[in-house]
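# Observations on the three-dimensional arrangement
What follows is each chain in one-letter form.
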Amino acid sequence: MNSAVTAVQDPPEVAKEVGRDRRRKEDQRLITGRTRWTDNITLPGMLHLAMVRSPFAHARITAIDVEAAKAAPNVVTVVTGRDVADEQGSLPNVWPIAPDQVTPAHPPVAVDRVTFAGEIVAVVVARTPAEARDAAELVDVDYEELPAVLDLKEAAAADGEHGVLAHPDLGTNKSGLWTFDSAEAGTGGNVDEAISRARGDGIVIEREYRQQRLIPAFMEPRSTVVDPTGEQITMWTSTQIPHILKFLLAAVTGTSEAKIRVIAPDVGGGFGGKLQVTPEEFITFALANRLGKPLKYTETRSESLMAAHHGRDQWQTLTLAAERDGTVTGLKVELLVDLGSYVSLLGGGVPVLGAFMFNGIYKFPAYQFNCQTVLTNKTWTDAYRGAGRPEATYAIERLMDELAVEVGVDPLEIREKNWIRHEEFPFSSVSGLEYDSGNYEAATAKAKASFGYDELRAEQRRRRDAGDRIQLGIGVSTFTEMCGLAPSRVLGSLDYGAGGWEHASVRMLPTGKVQVLTGASAHGQGHETAFSQIVADRLGVAFEDVEVLHGDTQISHKGLDTYGSRSLVVGGEAIVRAADKVIEKAKPIAAHLLEASVDDIEFDAGRFGVRGTDQGLAMADIALAAFAAHNLPDGVEPSLDSDATFDPVSFSFPHGTHLCAMEVDTETGGVLMRKYTCVDDIGTVINPMIVDGQVHGGLVQGIAQALWEEAVYDDSGTLVSGSFVDYLLPTSADTINYDVSHNSTASTTNTLGTKGVGEAGTIASTPAVVNAVVDAVRHLGIDDIRMPCTPERVWRAIHDAGGGGQEETEGAAAPHFDESTGMQGTVDRTDGADEGADR
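Everything in this summary refers to the structure shown in the same document.

Calculation rules
Residues numbered from 1 in each chain as written. Predicted model: local features only at pLDDT ≥ 70, side-chain atom pairs only at ≥ 80, totals over all residues. Heavy atoms only, no water. Phe/Tyr/Trp six-rings, centres within 6.5 Å; stacked < 30°, edge-to-face > 60°. Helix = DSSP H or I, 4+ residues; strand = E, 2+ residues; numbered from the N terminus. Buried < 20%, exposed > 50% of the residue type's maximum accessible area, 1.4 Å probe, protein only. Expected span 1.5 Å × (residues − 1). Arc of directions from axis to C-beta. Contact = heavy atoms within 4.5 Å. Pairing = 2+ DSSP bridges. Axes fitted to C-alpha atoms, helices over the stretch in contact; angles between N-to-C directions. Core = buried A, V, L, I, M, F, W, Y, C linked by side-chain atoms within 4.5 Å. Disulfide = S-S within 2.5 Å.

Between two aromatic rings, the relevant description is the distance of the centres plus the angle of the planes. Taken as a whole and assessed by the stated rule, the structure comprises 14 aromatic pairs. Between Phe 56 and Tyr 143, the ring centres sit 5.2 Å apart and the planes meet at 70°, which makes this aromatic pair edge-to-face. In this pair, Phe 56 sits in the loop between strand S1 (47-53) and strand S2 (59-65) while Tyr 143 sits in strand S6 (residues 140-145), placing the two residues 87 residues apart along the sequence. Pairing Tyr 209 with Tyr 394 gives two aromatic rings, centres 5.8 Å apart and planes at 80°, and the pair type is edge-to-face. Linking Tyr 209 in strand S8 (residues 203-214) with Tyr 394 in helix H11 (residues 389-407), this pair joins segments that are 185 residues apart in sequence. Neither residue differs from the other here; Tyr 209 and Tyr 394 are each classed as buried. One aromatic cluster in this structure is built from Trp 178, Phe 356, Phe 358 and Phe 369.

Between the first and last C-alpha of helix H13 (residues 440-451) there are 16 Å, a value that for 12 residues agrees with the 16 Å anticipated at 1.5 Å per step. Every buried residue of H13 is accounted for by Tyr 440, Glu 441, Ala 443, Thr 444, Ala 447 and Phe 451. The arc that holds the buried residues of H13, viewed along the axis, is 165°, so those residues lie on one side. Those residues of H13 hidden inside the fold are in contact with helix H12 (411-418), strand S17 (434-435), helix H14 (453-466), strand S18 (470-480), strand S26 (655-665) and strand S27 (671-681).

Spatially, the 3 strands line up as an open sheet ordered S22-S23-S24, and their pairing is antiparallel. Edge strands, defined here as strands with exactly one partner in the open sheet, are strand S22 (601-604) and strand S24 (616-618). Taken pair by pair, the neighbouring strands of this sheet meet at an average axis angle of 20°, ignoring direction. For strand S23 (residues 607-610) and S24, the ladder comprises 3 bridges, and the chain directions are antiparallel. Looking across to S24, one finds that Gly 609 is bridged to Gly 616.

Within the largest apolar cluster, 128 residues are counted, with the highest numbers of intra-cluster contacts made by Leu 320, Phe 358, Phe 369, Tyr 676, Leu 707 and Val 769. The contacts of Tyr 676, once residues within four sequence positions are left out, are His 658, Leu 659, Cys 660, Leu 699, Ile 703, Ile 736, Tyr 738, Asp 739, Ala 764, Ser 765, Ala 768 and Val 769. Among the nonpolar cores identified, the runner-up in size contains 47 residues, and Met 508, Leu 539, Val 569 and Ala 623 belong to it.

As a further point, take unusual backbone geometry. Cis geometry is found at the peptide bond from Phe 425 to Pro 426, where omega equals -5°. In this structure, Pro 426 sits in the loop between H12 and strand S16 (427-428). Residue Pro 788 is bonded to the preceding Met 787 through a cis peptide linkage, with omega at -10°. With respect to the helices, strands and loops of the structure, Pro 788 is situated in the loop between helix H20 (760-777) and helix H21 (791-800). Its identity is not glycine, yet Ala 605 carries a phi of approximately 50°, on the positive side. Mapped onto the fold, Ala 605 is located in the loop between S22 and S23.

For the rest of this paragraph, the subject is H21. For H21, the tally of buried residues reaches 7 of 10 residues, placing the bulk of the element in the interior. Within H21, burial applies to Pro 791, Arg 793, Val 794, Trp 795, Ala 797, Ile 798 and His 799. On its buried side, H21 packs onto S26, S27 and H20. After H21 finishes, the residue Gly 802 shows a positive phi value of roughly 80°.

Along the chain, the position of Val 777 falls in helix H20. Exposure remark for Val 777: the relative accessible area of 0% places this residue in the buried category. For Val 777 and Thr 666, which are 111 residues apart along the polypeptide, the C-alpha to C-alpha distance reads 7.8 Å. Setting aside residues up to four positions removed in sequence, Val 777 forms contacts with Val 664, Ile 782, Ile 785 and Ile 798.

Let's shift gears to the sheet that holds strand S21 (residues 546-549). One key point about sheets: their strands pair by backbone hydrogen bonds, in either a parallel or an antiparallel sense. The 4 strands are arranged S21-S20-S19-S25 in an open sheet whose pairing can be described as mixed. Edge strands, defined here as strands with exactly one partner in the open sheet, are S21 and strand S25 (642-646). Neighbour to neighbour, the strand axes of the sheet diverge by 20° on average, direction disregarded. Bridge count for strand S20 (residues 514-518) against S21 is 4 bridges, and the pairing is parallel.

Inspection of the entire model under this criterion finds 0 disulfides. For Cys 660, which is in no disulfide, the shortest distance to another cysteine sulfur is to Cys 789 and amounts to 11 Å. According to the relative accessible area criterion, Cys 660 is buried, its value standing at 0%.

Let's shift gears to the pairing of strand S12 (residues 295-298). When S1 meets S12, the two strands line up parallel, connected through 2 bridges. Counterpart to His 48 in the pairing with S12 is Lys 296. In terms of strand pairing, strand S9 (residues 223-227) meets S12 through 4 bridges, oriented antiparallel. Paired with Thr 224 across the bridge in S12 is Tyr 297.

Here you go:
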């Protein structure tokens, strides 16, 4: 063998990594305190920022006196909106949903008017965070309070003559209208005709559902550090989107993109709440450049809850048409969506994503969707885990239960009657998407058996017949979602301002180790572990020999970041393609060293062999040969490093069946989760342990919307659920063990066959829980309870329906939690504080 490289022994047999439980590589540093959160970063000469925020939801700024603050100890400067009016620009909206969308300018620091409580009106720069916060208390702002519009329906009805406008200069609160009609799109029939026919000889179900406002409540508050002192301006920030942020900083400020480096170090959760470019990031960037000093801003928890963007907040008006036997014939959706006071980064694009999912897994022949976005004087809204798809799934799964009641059949039976059967895939939906694979029958059968569905139904009948105080309800949610937010052409057709591709690089080091650079940016998902497993299998190297680098626009220079369950489906596929290119680049070198034809070279489990012989070289041999470059074929470059950019042609469509059993105390309204079973189809499972963690976390967030969480404002526009005393996040004591399993069919949109899992639990669980709560009391005349289904709301629904067993008196108060019932979800954490009228 004519080679300057001595062949090593064949690599040891390595167990397949894909499909294997692996503890996360990231966890060692996360749980031992060796993390690098943004707030941990300290730079020489660094100064600190504190924000002065408006206490009013809508007011004119008449004067700001900063002299006392400037005179405070170690204060460097105090800046108002007027000081930076000419340079701060306006925060961008990259997804205008209509050509005539009304989009108010969004200055990072308000200049002459504030439009929500929490808006920044001044910034203090000081030597320490405490000194900055103390000085911020000394800034004296005079406001002329203006009428605020807080109610979504009132905002939508207001005009220049009647009602209150969030931005009076705009003349309207209506921002954008986006519509889809299957008849016009050529994907189905005319929905109005379907509804008209159903009114004559079929079934028409009309419902209005409320998606309450939620707060992402990520574990790590947002933090930003900017260092302008080097050759580049470097920003460390707690974000999901370092690459997008870099581009938008350059686009808005006019700074050369080549001079900006954005680093997302360890990021403590996001849930869509860090899929944003924030006023605080732009302020820190601008002032660091102005002062020529490193600056840091870290928000408090109360600032995070008040001023970081919120999610959901919709009124859904729905009309479902069906034949008398329950066969669906049409669906019409009317949405009113609260944007808050500004049109955020994605803005109205979030509910538009849901437009493609209201039809769910069902074969609707006609469909119409109308979405009106509206401005109010509340904190702006944007993506929150699931982003439009949980709202859609909630609506259709609640409606399918209502249809089952109308027809007089079991909720699972009505779903089976209308869902897409496994042999019908690929299936073109009425909303214009092509579902590539799935098996709803198999997932449901598995879930039903594990849940003990028939036995629980029998127990429910026994309790009802006996008139038990504690009634049992069973909730069903059979869902699908569009994942891998990606296809650039599709996003372009929706006027989204970016593509959906993802980039990856695979570097073969001379020692045989591997570095993977990905444009996906992790914030708790386990990317370093899952991507290492994929590459280990693909290249036949040890799991421990793969290093994954991400979150730094200088190291991983191309990417579109992490959201919409796209990291594995899109980013993982880019990594696979880059790894495959490494193998193809290595084959000519292997053939040359083995004195064989390239056509005879085979690669398997990390070894290049010659077909029909026992000759072979390990991947590490080829990596070293390429590095040495002593004996390469003519015209072959001395590198195996490879890049790939993947832009899928379609979304992926995970699905699942979720079943929930809830007990409801009909005297107190207390609720208790008895059992929860889910069977999800997420395609190929890379790491079951990570998947189960993702599903469990998603379930808790979806269940929390159903039972506990709600952002509540008082009549003046003050957020009264502005701490964890009043914004009720569940703890481990509030939850149960979930029965989680899978029934996988491979996706056909990517090589790995993956579908995405990060949002599945959140999307499916909310309607499963609410359906169960309603099912427990439906025999009392109740067909809806507005979320969150607190004991008070459940109790009031029972008494309003006349099923409480006692005469309700005007102004009667819901009873306090009775620990003797064993019912959960009713603990008062307010210490007697007023929770707000809407709580």
